[in-house]
Amino acid sequence: MIFHRAESIYVPHGVFDPDRVLSLFVSCVQSALEMGFTSARVVSDGLWLLAHPLGAHQVVEYEHRVNRVAAGMPCSLLCLYPGKAFLKAFLAYILLSHPYVFKKDRCFWNPRYEDFDTLMQTRFDAAVYDTFIQELVPIHT
């Protein structure tokens, strides 16, 4: 198990570089496989954005790119964006980049995943986020 402070991964020099972070992600999964693991689990904490909000405009595109890269790799990802820490308008954008959402210890499928037409046509606010949350579909395990 390897732990890194989020700031050391996402903003080591005070600037978010999505290409560098994606490269690190791929290297992390490849290293796990080289060590003999059959897959890797990556957990990412989005709280770094609170101290470095200039990266926020790139995060939704970055999250979308991570999904594309991860789709062909033996890994699972968990992105943490605590609801009480971020503005609901920002979280509405984040929801569009995540097929599954954990809320209050339950897993939900997100029918708005990759709904980029909505992304381009809507100025998000707290009400849009609340609507997205209401549309989540519970996954029964």
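On a predicted model such as this, the values are computed, not experimentally measured, just so you know. (Residues numbered from 1 in each chain as written. Predicted model: local features only at pLDDT ≥ 70, side-chain atom pairs only at ≥ 80, totals over all residues. Heavy atoms only, no water.)

**Side note on the sheet that holds strand E4 (residues 106–109)**
Turning to step 1, where the next piece is worked out: Ordered by their spatial adjacency, three strands build an open sheet running E3-E4-E5, and the pairing between neighbours is antiparallel. A single partner strand is all that each edge strand has here, and the edge strands are strand E3 (100–103) and strand E5 (137–138).
Turning to step 2, where the next piece is worked out: As paired strands, E3 and E4 are joined by four bridges and run antiparallel to one another. Residue pairing across strands places Phe102 opposite Cys107, the latter belonging to E4. (Pairing = 2+ DSSP bridges. Helix = DSSP H or I, 4+ residues; strand = E, 2+ residues; numbered from the N terminus.)

**Overview of the pattern of salt bridges**
Turning to step 1, where the next piece is worked out: According to the stated counting rule, one finds five salt bridges in the structure shown.
Turning to step 2, where the next piece is worked out: Across the salt bridge formed by Glu114 and Arg68, the nearest N and O atoms sit 2.1 Å from each other. Here the residue Glu114 occupies a position in the loop between E4 and helix H6 (116–121), and Arg68 occupies one in helix H4 (residues 56–70), the gap between them amounting to 46 residues.
Turning to step 3, where the next piece is worked out: Assessed through its relative accessible area of 27%, Glu114 is described here as partly exposed. (Salt bridge = Lys/Arg side-chain N within 4 Å of Asp/Glu carboxyl O. Buried < 20%, exposed > 50% of the residue type's maximum accessible area, 1.4 Å probe, protein only.)

**Some remarks on empty space enclosed by the protein**
Turning to step 1, where the next piece is worked out: In total, this model carries one cavity of 30 Å³ or more according to the counting rule given.
Turning to step 2, where the next piece is worked out: Space inside the largest cavity adds up to approximately 60 Å³.
Turning to step 3, where the next piece is worked out: Taken together, Tyr10, Phe16, Ser44, Asp45, Gly46, Trp48, Val59, Tyr62, Glu63, Cys79, Leu80 and Tyr81 make up the lining of the largest cavity.
Turning to step 4, where the next piece is worked out: Going through the elements one at a time, strand E1 (40–45), H4 and strand E2 (75–80) are the ones with two or more residues in the lining of the largest cavity.
Turning to step 5, where the next piece is worked out: Per element, the largest residue contribution to the lining of the largest cavity is three residues, and it comes from H4.
Turning to step 6, where the next piece is worked out: Class assignment for the residues of the lining of the largest cavity results in eight nonpolar, two polar and two charged. (1 Å grid on protein atoms, 1.4 Å probe; cavity = no way out; pocket = protein on both sides within 12 Å on 5 of 7 lines; lining within 4 Å. Points joined across faces, edges and corners; volume = space filled by probe spheres on them. Nonpolar A, V, L, I, M, F, W, Y, C, P; charged D, E, K, R; others polar.)

**A few points about the layout of surface pockets**
Remark: the empty space left among the atoms is shown by a probe the size of a water molecule rolled over them.
Turning to step 1, where the next piece is worked out: One number sums up the size of the largest pocket: a volume of about 1000 Å³.
Turning to step 2, where the next piece is worked out: Around the largest pocket, the lining comprises 30 residues; the ones closest to its centre are Ile2, Cys28, Arg41, Val42 and Val43.
Turning to step 3, where the next piece is worked out: Of all the secondary-structure elements, those providing two or more residues to the lining of the largest pocket are helix H1 (6–10), helix H2 (18–34), E1, H4 and E2.
Turning to step 4, where the next piece is worked out: Size it by volume and the second largest pocket reaches roughly 780 Å³.

**A short note on the side chain of Asn67**
Turning to step 1, where the next piece is worked out: Within the secondary structure, Asn67 sits in helix H4.
Turning to step 2, where the next piece is worked out: Leaving out residues up to four positions away in the same chain, Asn67 has contacts with Ser97, Pro99 and Tyr113. (Contact = heavy atoms within 4.5 Å.)

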